[in-house]
Amino acid sequence: MRDLGGLVSRLEPQLFLAHLFALLAAVGAYAAARDRWWGRSFAAAATLLFLGSVVVRSAAAGRIPLASVYEFGLLLELVLLAFVFFLDRSFASAVPVVVLAGATFALASVQLLLFQDARPLMPALKSWWLTSHVLTAVAAYGLITTSAVLALVGLVWREAPPRLERLVVRLV
């Protein structure tokens, strides 16, 4: 796929930026609308564009994206997007969804500063330890980020349902 004249290296950042704008639209739609259909639609579009970006990056590098801080952030964002959809289905209020989607947007914005072109792994990193280490760290960071954001929502939001507190306790 690297023989396509740099198409892959140009396509990945464009997909990532498109996903960033769709995620911002999802945050706005969740915050403004009484009906969550628009928020779900923009969040689904952001997730699909994001997955396209990750697939293009994997194809360009010839491996699963696990080797750099930027790629770690990609996987962490994937976990946070999954929690956005989970919260959307779990709570009647959109407050936790808006806050977590906003935190995911902030993470994606910071990732723009960490962007690196995809390249093959160094021989020293071609080990199953890298995969297991990164996936474990992504799961841990995803859970702690989600629980921290939900705990903050619970502290600030006066009418927080008891289910939110139970969810935070289970995540921590």
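Everything below is about the structure printed above this text.
Our subject in this report is the structure included herewith. Quick caveat: nothing in here was measured; it's all calculated off a predicted structure. (Residues numbered from 1 in each chain as written. Predicted model: local features only at pLDDT ≥ 70, side-chain atom pairs only at ≥ 80, totals over all residues. Heavy atoms only, no water.)

Let's talk about the overall build of the protein
In terms of helices and strands, the protein carries six helices and zero strands. Helices and strands in the protein line up, N terminus first, as α-α-α-α-α-α. The C-alpha radius of gyration of the protein comes to 17 Å, within 12% of the 16 Å expected for a compact globule of 172 residues. Summarising its shape, the C-alpha atoms of the protein cover approximately 55 × 35 × 25 Å along the three principal directions. Carbon and sulfur atoms make up 70% of the accessible area of the protein, which amounts to about 9600 Å² in all. (Helix = DSSP H or I, 4+ residues; strand = E, 2+ residues; numbered from the N terminus. Rg over C-alpha atoms; globule rule 2.2 N^0.38 Å. Areas by Shrake-Rupley, 256 points an atom, 1.4 Å probe, with all protein chains shown as cover.)

A few points about the pattern of salt bridges
Taken as a whole and assessed by the stated rule, the structure comprises four salt bridges. For Glu12, the salt bridge goes to Arg57, with nearest N and O atoms at 3.1 Å. Note that Glu12 is positioned in helix 1 (residues 7-32) and Arg57 in helix 2 (residues 37-61), a separation of 45 residues in sequence. In this pair, the class of Glu12 matches that of Arg57, namely buried. Across the salt bridge formed by Arg57 and Glu71, the nearest N and O atoms sit 2.9 Å from each other. With Arg57 in helix 2 and Glu71 in helix 3 (residues 69-90), the pair connects residues that are 14 residues apart, well separated along the chain. In this pair, the class of Arg57 matches that of Glu71, namely buried. Connected through shared salt-bridge partners, Glu12, Arg57 and Glu71 make up one network. (Salt bridge = Lys/Arg side-chain N within 4 Å of Asp/Glu carboxyl O. Buried < 20%, exposed > 50% of the residue type's maximum accessible area, 1.4 Å probe, protein only.)

What to know about a nonpolar patch on the surface
Nonpolar side chains collect at one region of the surface, where Leu17, Phe21, Leu24 and Leu112 lie side by side and expose about 370 Å² of accessible area between them. At three residues, the largest contribution of residues to the nonpolar patch is made by helix 1. (Patch = residues over 30% accessible without salt bridge, like charges linked within 9 Å, V, L, I, M, F, W, Y side chains within 5 Å.)

A closer look at the packing of helix 3 against helix 5 (residues 128-156)
As a packed pair, helix 3 and helix 5 sit with axes 9 Å apart at the nearest point and diverge in direction by 45 degrees. Here helix 3 is positioned oblique relative to helix 5, judged by the angle of their axes. For the pair helix 3 and helix 5, the crossing hand works out as right-handed. Where helix 3 approaches helix 5, its residues Phe72, Leu75, Leu76, Val79, Leu80, Phe83 and Leu87 are matched on the opposing element by Val134, Leu135, Ala137, Val138, Tyr141, Gly142, Leu143, Thr145, Thr146 and Leu150. Residues belonging to the contact of helix 3 with helix 5 are distributed by class as follows: 14 nonpolar, three polar and no charged. (Axes fitted to C-alpha atoms, helices over the stretch in contact; angles between N-to-C directions. Parallel < 35°, antiparallel > 145°, perpendicular 65-115°, else oblique. Left-handed = near helix turned anticlockwise from the far one by under 90°. Contact = heavy atoms within 4.5 Å. Nonpolar A, V, L, I, M, F, W, Y, C, P; charged D, E, K, R; others polar.)

Quick look at the nonpolar core
Nonpolar side chains in soluble globular proteins generally cluster together in the buried interior. Leu87, Leu100, Leu150 and Leu164 are the most contacted members of the largest nonpolar core, which has 20 residues in total. The set of elements that each furnish at least two residues to this core consists of helix 1, helix 3, helix 4 (95-114), helix 5 and helix 6 (162-171). When residues of this core are assigned to their parent elements, the largest contribution, five residues, is made by helix 3. Grouped together as the second largest cluster of nonpolar side chains are eleven residues, Leu23, Ala46, Leu81 and Ala108 included. (Core = buried A, V, L, I, M, F, W, Y, C linked by side-chain atoms within 4.5 Å.)

A look at the environment of Trp38
Looking at the secondary structure, you find Trp38 in helix 2. Each C-alpha atom, one on Trp38 and one on Ala25, is 8.8 Å from the other, the two residues being 13 residues apart in sequence.

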